[in-house]
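What follows is the residue order along each chain.
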Amino acid sequence: MSESVRDRVVRIIAEQAVLDVADVTMEASPESLGIDSLGLVESIFAIEEAFDIPVPFNANDPAQSDFDISSVAAIVAAVERLVADQKGA
């Protein structure tokens, strides 16, 4: 059985935060998980690689990005949209 988008994103975030997957809640923000700006960029790169998608994230000004990083749930939803768009769904 293949891993869901949600599970893969949560695993990537957990790895970056050096946390157990069970410790990553959907309501958590990257900051609350201890992920700094460099860690956030590394997470984005890992997501791009895992899903073979370009993520519209502006590392210089995250607030101006079209990619919502306010919570794990927002990141999952954004990745799900990007994956669906890539598949032409």
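Here is what the cut-offs are and how they apply
Residues numbered from 1 in each chain as written. Predicted model: local features only at pLDDT ≥ 70, side-chain atom pairs only at ≥ 80, totals over all residues. Heavy atoms only, no water. Helix = DSSP H or I, 4+ residues; strand = E, 2+ residues; numbered from the N terminus. Rg over C-alpha atoms; globule rule 2.2 N^0.38 Å. Buried < 20%, exposed > 50% of the residue type's maximum accessible area, 1.4 Å probe, protein only. Contact = heavy atoms within 4.5 Å. Areas by Shrake-Rupley, 256 points an atom, 1.4 Å probe, with all protein chains shown as cover. Lys, Arg positive; Asp, Glu negative; His and termini not counted. Charge placed at Lys NZ, Arg CZ, Asp CG, Glu CD. Core = buried A, V, L, I, M, F, W, Y, C linked by side-chain atoms within 4.5 Å. Salt bridge = Lys/Arg side-chain N within 4 Å of Asp/Glu carboxyl O. Phe/Tyr/Trp six-rings, centres within 6.5 Å; stacked < 30°, edge-to-face > 60°. Lys NZ or Arg CZ within 6 Å of the ring centre and 35° of its normal. Axes fitted to C-alpha atoms, helices over the stretch in contact; angles between N-to-C directions. Left-handed = near helix turned anticlockwise from the far one by under 90°. Nonpolar A, V, L, I, M, F, W, Y, C, P; charged D, E, K, R; others polar.

On to the overall build of the protein. Each helix and strand counted, the protein has 3 helices and 0 strands in total. Whereas a compact globule of 89 residues would reach a radius of gyration of roughly 12 Å, the protein reaches 12 Å, a difference of no more than 12%. The principal-axis extents of the C-alpha atoms in the protein amount to approximately 35 × 35 × 20 Å. When each of the 89 residues of the protein is scored for burial, the buried share is 40%. Contacts in the protein between residues at least 24 apart in sequence constitute 53% of all its contacts with a sequence separation of at least 6. Put simply, the protein shows about 5,300 Å² of open surface, and 50% of that area lies on carbon and sulfur atoms. Mean positive and mean negative side-chain charge positions of the protein (5 and 17 charges, respectively) differ by 9 Å.

Val9, Ile47, Phe67, Val72 and Val79 are the most contacted members of the largest nonpolar core, which totals 29 residues. Of all the elements in the fold, those that place two or more residues in this core are α1 (5-17), α2 (37-51) and α3 (72-87). Those residues in contact with Ile47 that lie beyond four places of it in its chain are Val9, Ile12, Asp52, Ile53, Val55, Ile75 and Val79.

The next subject is the pattern of salt bridges. The tally for this structure, following the rule as stated, stands at 3 salt bridges. In this structure, Glu3 engages Arg11 in a salt bridge whose closest nitrogen and oxygen atoms are separated by 2.8 Å. The exposure class of Glu3 is partly exposed, given its relative accessible area of 34%. Two residues, Asp7 and Arg6, come together in a salt bridge whose shortest N-O distance is 3.6 Å. Asp7 gets classed as partly exposed once you look at its relative accessible area, which sits at 35%. Each of Glu3, Arg11 and Glu15 takes part in one network of salt bridges that share partners.

Okay, the packing of aromatic side chains next. In this structure the tally under the stated criterion is 0 aromatic pairs. Here Arg8 stacks its cationic end above the ring of Phe51, 4.5 Å away from the centre of that ring.

A few words on the packing of α1 against α2. At a minimum axis separation of 10 Å, α1 and α2 run at an interaxial angle of 145°. As α1 packs across α2, the resulting crossing turns out to be right-handed. Contact with α1, carried on its side by Val5, Arg8, Val9, Ile12 and Gln16, involves Gly39, Glu42, Ser43, Ala46, Ile47, Ala50 and Phe51 of α2 and no other residues of that element. The residue inventory of the contact of α1 with α2, partitioned by class, reads 7 nonpolar, 3 polar and 2 charged.

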